[in-house]
Amino acid sequence: KNLKDGDILFCRPLDSASGTTTPILATSEPPVPMAAKAVLRPAPIEVTVSPSASVSPSSKKVGFSETVEVPPSKRVEPPPPPTKSFKLKCKEMVESIPFDIFIVVLILIDAIFFVLGWFDDVIEDMGGDAIFIAESALVVVVFVGECAVKIYVYGWKKYIKSWWNRLDFVVTILTVIAFIVELAITGSRAASAIVFLRLFRLLRFIRLINKVRTVVTKKRGINLQLPAGKCLQILQTLKKQWAYHAEHMEGDDIITKEDIEYVIKHIRQKTLYRIVLGEGNVGDEEMQAYLKSTVMAGDDDDEPEKPQAKAAVAANPAAGAHDHVNTDAEDAMPWPELLADHIPEGAVVDTKALESVLATTTSWDFDVFKCGEVSFGNEVVVLGYHCFTHFDLLQKMCISHQRFRRFLFRLQSGYRPNPYHNGTHAADVLQATFFMLAGCGLDVNFSDMEIFAMLLSALIHDFEHPGVNNAFLINTDHELAIRYNDKAVLEMHHVAAAFKLMKDPEEDLNLLAGFTHDEYKHVRAMMVDMVLGTEMAAHFEVVQMFQSKLGDEGIKLQVAEDKKLAMKMLLHVADVSNPARNFELAGRWTKQVMEEFYSQGDQERANNLNVSPFMNRQSNAVNIPKCQVGFIDFIVEPLHKVWAQFLAQEDIGNAATAEIASTLMTNVAGNRTYWNTRKLDEEAILAAAGSTSGSAAVV
């Protein structure tokens with residue numbers, strides 16, 4: 001710290017035990033490695049400095065690669081690392097599996113005492129009621145202690161958000177009351193009261209169910225981790241301990257909380273290797289503009305200043321040169337007119353039945369198959385028109401009803417008759433997206449343009465899907481895999497084909513014709529981001545980013561970064577929401593997705609490829625339930641759990657949002673229980689038969 005330019009610092013080489021020293025030129029900013037920094041901080045250290053020593057030119061290249069020789073009396077040890085806080089230790093304890101097992105064992109012992117308490121001779125042999133009272137006291141103390149520690153660790157508001165925690169708390173309070181009453185009652189009423197209170201102990205078994213569920217959940221399945229999540233967790237911990245570390249930093253070494261937040265931000269946004277303009281740029285604005293349009297292309301995702309739709313058309317009249325009209329004068333098209341020429345000859349649209357079905361679009365139990373029946377297979381058109389007109393988007397975006405009608409029918413025809421990835425699936429994802437916006441009340445957090453982009457992304461997210469996955473296209477050198485260089489092949493094609501359809505001048509289907517250039521770029525960027533976010537290879541990354549942000553500061557939809565992430569997450573949730581539906585709907589979707597799996601397996605076998613997991617039509621009956629349990633455990637449950645936590649935030653959605661979040665998780669748990677039972681039954685049958693082969697199961 002006290003060296004000056006030209007001074008000579010003598011250091012002992014690491015690989016030499018001799019007394020020779022190597023002269024090293026000291027500069028105002030010497031290249032001190034981390035090892036040397038640890039020795040030099042936190043206080044100045046006395047070293048030998050000789051301004052008159054000669055320095056050879058080669059010595060300037062040595063650098064601080066050796067350890068400074070410091071007298072023992074002057075040596076200052078680095079500060080010890082901070083120890084875990086008491087709250088953190090408590091948190092680790094109550095979340096550990098051994099602690100849960102301890103509670104389970106305690107409740108089982110309590111159950112044994114409950115049974116023995118009914119036999120008077122056993123009570124006498126065990127020394128009377130004293131031992132039973134002592135056992136009850138132990139249970140009460142542990143129950144109260146656990147609840148108290150959890151409230152201390154999580155805080156009251158976060159603690160009671162969990163339904164199981166609320167139930168545990170109520171059972172604990174009732175247990176304490178029962179124990180106090182049992183001690184207080186004496187006399188002739190004591191016998192009957194004690195019988196009642198012993199029955200009251202059955203409430204404790206509710207906690208047993210919860211604890212067993214918790215242990216099984218923690219032990220179940222494969223442990224999948226994302227390095228980014230671990231890095232963010234470390235940085236969050238470091239930020240909390242920043243005040244401690246700051247006391248031992250000096251000069252340029254000081255790291256502020258803002259520095260840590262800067263790192264966290266760029267990890268979350270995946271912009272660590274993006275070029276950005278630093279602060280204080282002046283002059284040469286043309287060069288800055290060139291850099292932004294080339295090496296920095298794609299970084300500017302901010303929403304443009306959106307003028308009124310009519311003003312946008314006035315500013316760009318050529319864009320709407322086909323049939324752009326003043327949509328103020330247009331009324332919604334009657335259903336028979338909308339579906340004209342697209343229903344079987346002689347058929348009649350039952351308007352009342354169709355409107356009855358569409359009235360349930362704000363319900364999570366919406367039946368898309370019923371919608372397809374009453375619309376004669378035009379569910380994409382009917383739902384698309386209903387959702388967009390509900391938000392009055394055709395008028396706000398200056399889109400004529402006729403153009404939108406043509407677009408919907410052309411889009412619907414582009415969905416192939418696959419067992420699963422078909423028009424019905426597109427309509428189902430559209431309804432799930434619409435439900436989150438209109439049913440949960442999330443729409444108030446988004447602009448008209450953002451709602452438009454979300455609904456349109458849901459409509460086109462699987463456009464022209466071939467009925468096989470990305471791996472199959474890559475393994476067979478399909479033209480789509482070659483075109484998109486094996487990167488998110490299907491997702492790239494869905495959004496590219498949809499925009500190609502809209503941009504085709506012969507089709508006259510451009511819904512974005514009335515948008516300014518900046519508005520078009522913004523909507524396109526949002527749609528590309530959302531559709532690419534449905535790729536399963538990106539699943540863990542998207543969920544981890546969302547969960548990390550949610551657990552840190554919460555998702556704030558007023559912040560552009562958070563809103564963009566929430567929009568991507570919303571479409572992904574809608575895309576894999578089948579296991580979160582009621583069992584009747586979820587079971588029907590399971591049949592169709594497994595049939596598409598088996599169809600791909602048949603093609604793989606025909607091409608002499610290894611049949612993909614769960615796609616072998618000739619596999620045993622346990623294949624289907626095993627596939628569903630795994631898909632729920634590793635994909636659906638973690639995804640919907642974090643989404644439910646997002647919906648449970650304050651000031652998110654409407655009054656029914658918390659109930660909706662609970663419904664999602666209840667359906668997921670119920671469907672998993674069914675498939676797990678089926679899996680165990682099929683495995684038992686196969687084990688009894690002594691065979692691992694059999695015909696494919698029928699769901």
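Residues numbered from 1 in each chain as written. Predicted model: local features only at pLDDT ≥ 70, side-chain atom pairs only at ≥ 80, totals over all residues. Heavy atoms only, no water.

### Comments concerning the overall build of the protein chain
So, point 1. Per the secondary structure count, the protein chain includes 31 helices and 2 strands.
So, point 2. Put simply, the protein chain has 699 residues, and 42% of those count as buried.
So, point 3. Counted over contacts in the protein chain with a minimum sequence separation of 6, partners at least 24 positions apart contribute 75%. (Helix = DSSP H or I, 4+ residues; strand = E, 2+ residues; numbered from the N terminus. Buried < 20%, exposed > 50% of the residue type's maximum accessible area, 1.4 Å probe, protein only. Contact = heavy atoms within 4.5 Å.)

### Describing the packing of aromatic side chains
The way to describe two aromatic rings as a pair is by their centre distance and the angle between their planes.
So, point 1. As enumerated under the stated definition, the model contains 19 aromatic pairs in all.
So, point 2. With centroids separated by 5.4 Å and ring planes inclined at 75°, the aromatic side chains of tyrosine 420 and tryptophan 589 adopt a geometry described as edge-to-face. Taken together, the residues span a long stretch of sequence, with tyrosine 420 in the loop between helix H20 (401-414) and helix H21 (423-439) and tryptophan 589 in helix H29 (residues 583-606) at a distance of 169 residues.
So, point 3. An aromatic cluster of at least three residues, connected via ring pairs, comprises Trp335, Tyr385, Phe388, Phe404, Phe407, Phe452 and Phe515.
So, point 4. We note arginine 588 situated over the ring of phenylalanine 369; from NZ or CZ to the ring centre the distance is 3.9 Å. (Phe/Tyr/Trp six-rings, centres within 6.5 Å; stacked < 30°, edge-to-face > 60°. Lys NZ or Arg CZ within 6 Å of the ring centre and 35° of its normal.)

### Observations concerning a nonpolar patch on the surface
So, point 1. Side chains of Val170, Ile173, Leu174, Ile177 and Val181 sit close together on the surface and give an oily, nonpolar patch of about 350 Å² of accessible area.
So, point 2. Note that valine 181 resides in helix H7 (residues 163-184).
So, point 3. Its relative accessible area of 31% is what places valine 181 among the partly exposed residues. (Patch = residues over 30% accessible without salt bridge, like charges linked within 9 Å, V, L, I, M, F, W, Y side chains within 5 Å. Areas by Shrake-Rupley, 256 points an atom, 1.4 Å probe, with all protein chains shown as cover. Salt bridge = Lys/Arg side-chain N within 4 Å of Asp/Glu carboxyl O.)

### Looking at the nonpolar core
So, point 1. In terms of nonpolar packing, the biggest core is built from 112 residues, with Phe407, Leu442, Phe452 and Trp643 touching the most fellow members.
So, point 2. The greatest single-element share of this core, amounting to 11 residues, is contributed by helix H30 (residues 623-647).
So, point 3. If we skip the residues at most four places from it in the chain, tryptophan 643 touches Met436, Leu442, Phe546, Ala566, Met569, Leu570, Val573 and Leu664. (Core = buried A, V, L, I, M, F, W, Y, C linked by side-chain atoms within 4.5 Å.)

### What about the packing of helix H3 (residues 97-116) against helix H5 (residues 130-154)?
So, point 1. Two elements in contact, H3 and H5, have axes whose closest approach is 11 Å; the angle formed by their N-to-C orientations is 150°. Taken together, the axes of H3 and H5 are roughly antiparallel relative to one another. In terms of crossing hand, the pair formed by H3 and H5 is left-handed. Mapping the contact onto sequence places Phe99, Phe102, Ile103, Leu106, Ile107, Ile109, Asp110, Phe113 and Leu116 in H3 and Ile131, Phe132, Glu135, Leu138, Val139, Val142, Phe143 and Glu146 in H5. (Axes fitted to C-alpha atoms, helices over the stretch in contact; angles between N-to-C directions. Parallel < 35°, antiparallel > 145°, perpendicular 65-115°, else oblique. Left-handed = near helix turned anticlockwise from the far one by under 90°.)

### Let's talk about the environment of glutamine 645
So, point 1. When you line up the elements, glutamine 645 lands in helix H30.
So, point 2. Along the chain, glutamine 645 and alanine 658 lie 13 residues apart, while their C-alpha atoms are 8.9 Å from each other.

### Describing the packing of helix H18 (residues 379-390) against H21
So, point 1. It is at 9 Å that the axes of H18 and H21 come closest, and there the two elements cross at 20°. Between H18 and H21, the angle falls in the class roughly parallel. Two packed elements cross with a definite hand, and for H18 against H21 that hand is left-handed. Between H18 and H21, the residues in contact are Glu379, Val380, Leu383, Gly384, His386, Cys387 and His390 and Gly423, Thr424, Ala426, Ala427, Leu430, Gln431, Phe434 and Ala438, respectively.
So, point 2. Per-class residue counts for the contact of H18 with H21 are 8 nonpolar, 6 polar and 1 charged. (Nonpolar A, V, L, I, M, F, W, Y, C, P; charged D, E, K, R; others polar.)

### Remarks on H3
So, point 1. For H3, with 20 residues, the first-to-last C-alpha span of 29 Å sits near the 28 Å given by 1.5 Å per residue.
So, point 2. Turning to H3, its buried residues number three or more, namely Phe99, Asp100, Ile103, Val104, Leu106, Ile107, Asp110, Ala111, Phe113 and Phe114. (Expected span 1.5 Å × (residues − 1).)

### Considerations on the pattern of salt bridges
Close approach of charged atoms allows side chains of opposite charge to pair.
So, point 1. One pass over the structure, following the stated rule, counts 14 salt bridges.
So, point 2. Taking the shortest distance from any N to any O, the salt bridge between lysine 150 and glutamate 146 comes out at 3.4 Å. Separated by 4 residues within a single helix, lysine 150 and glutamate 146 lie in helix H5, roughly one turn from each other. Across this residue pair, the class does not change: lysine 150 and glutamate 146 are buried.
So, point 3. Among the ionic pairs, aspartate 602 bridges to arginine 605, the shortest N-O distance being 3.5 Å. Of the two residues, aspartate 602 and arginine 605 both sit in helix H29, 3 residues apart, roughly one turn of that helix.
So, point 4. Residue aspartate 602 is classed as partly exposed on the basis of its relative accessible area, which comes to 30%.

### Quick look at the side chain of asparagine 671
So, point 1. Locating asparagine 671 in the fold gives a position in helix H31 (residues 657-689).
So, point 2. Contacts of asparagine 671, omitting those with residues within four sequence positions, involve Pro579, Ala580, Arg581, Phe583, Ala586 and Ile632.

### A short note on unusual backbone geometry
Leaving glycine aside, a negative phi is the common case for residues, and trans is the common case for peptide bonds.
So, point 1. Within the chain, aspartate 477 stands out as a residue other than glycine whose phi angle is a positive 55°.
So, point 2. Relative to the assigned elements, aspartate 477 resides in the loop between helix H23 (470-475) and helix H24 (479-483).
So, point 3. According to the relative accessible area criterion, aspartate 477 is exposed, its value standing at 58%.

### Quick look at the side chain of glutamate 379
So, point 1. Its location among the elements puts glutamate 379 in helix H18.
So, point 2. Lacking a salt bridge, the buried glutamate 379 has arginine 588 as its closest oppositely charged neighbour, with an N-O distance of 8.7 Å. (Lys, Arg positive; Asp, Glu negative; His and termini not counted.)

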